[in-house]
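# Survey of secondary and tertiary structure
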Amino acid sequence: MQNPSPEHQKLVAALIEHFKSKLGYVILSASHSGYNDPEKHGRHEPDIVAKDSRGVLHLAEAKVGDDIFSENSKEQFVDFSNRIMTGTNTPVPFHIIVYKEDEPALISRLNQLGLGNLIGNKITIWTL
């Protein structure tokens, strides 16, 4: 990832901390200092790749403001919400973290992309 904004990094750091301290996930890679950069999942690298206690992978992406509507974000939302673990065919949960004021825009965008029905199921939205 090229020069992430301080606002983006704050979201990534908050979700890493929540994953580790509240959910007990192991952070495998993250676009944040102290971690190896994530590998591509589909066409893009997520901001965070984590694993839960059952061994299920979790992908996470942080979005700030107008980036929610970018072509890059569209591809990430579609790709990351449709991942399945090879071998087990387990759906890979997709987490998106935004600032509270950006949540309505994110929900609107996911609905535009036909992904609204996955919110609360395969897609989890976090806010800061």
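In short, a report on the structure. In this numbering scheme, every chain counts its residues from 1 along its sequence in written order. Side-chain atom pairs in this predicted model are given and counted only at pLDDT of 80 or more, local residue features only at pLDDT of at least 70, and totals for whole chains, interfaces and linings cover all residues. Here the side-chain values reflect all heavy atoms present in the structure, with hydrogen atoms and water set aside.

## Some words on the pairing of strand β2 (residues 48–51)
Note the following rule: In short, DSSP must find at least two bridges between two strands for them to pair. For helices the rule is a DSSP run of H or I covering at least 4 residues; for strands it is a run of E covering at least 2, with both sets numbered from the N terminus onward.
For strand β1 (residues 26–30) and β2, the ladder comprises four bridges, and the chain directions are antiparallel. In the sheet register, Ala30 faces β2, and the bridge partner there is Ile48. Across four bridges, the pairing between β2 and strand β3 (residues 57–62) is antiparallel. Counterpart to Lys51 in the pairing with β3 is Leu57. Hairpin connection from β2 to β3: five residues lie between these consecutive antiparallel strands, with Gly55 at a positive phi of about 85°.

## Notes on the pattern of salt bridges
As a reminder, the rule being used: Counted as salt bridges are all cases of a side-chain nitrogen of Lys or Arg within 4 Å of a carboxyl oxygen of Asp or Glu. Exposure is judged per residue with a 1.4 Å probe applied to protein chains only, and the accessible area is read against the type maximum: over 50% gives exposed, under 20% gives buried, and values in between give partly exposed.
Within this structure, the stated rule accounts for six salt bridges. Salt-bridge contacts for Asp52 lead to Arg54; the nearest nitrogen and oxygen are separated by 3.4 Å. Look at Arg54 and you get exposed, because its relative accessible area is 67%. The residue Glu103 makes a salt bridge to Lys100 at a minimum N-O spacing of 2.8 Å.

## Here's the deal with the packing of aromatic side chains
Rules: Here the aromatic set is Phe, Tyr and Trp, taking the six-membered ring for Trp, and pairing holds for ring centres within 6.5 Å; pairs whose planes are under 30 degrees apart are stacked, those over 60 apart are edge-to-face, and all others are tilted.
Evaluated as defined, the whole model comprises three aromatic pairs. Note on Phe19 and Tyr25: the rings are 5.0 Å apart at their centroids and 50° apart in plane angle, and the pair reads as tilted. Residues Phe19 and Tyr25 agree in their burial class; the two are buried. When the ring of Phe80 is compared with that of Phe94, the centres are 5.5 Å apart and the planes differ by 70°; the resulting orientation is edge-to-face. Here Phe80, found in helix α2 (residues 71–80), pairs with Phe94, found in strand β4 (residues 94–98); they are 14 residues apart in sequence, far enough to count as distant. Under the relative-accessibility criterion, Phe94 is labelled buried at 0%. Ring pairs connect the aromatic residues Phe77, Phe80 and Phe94, which therefore count as one cluster.

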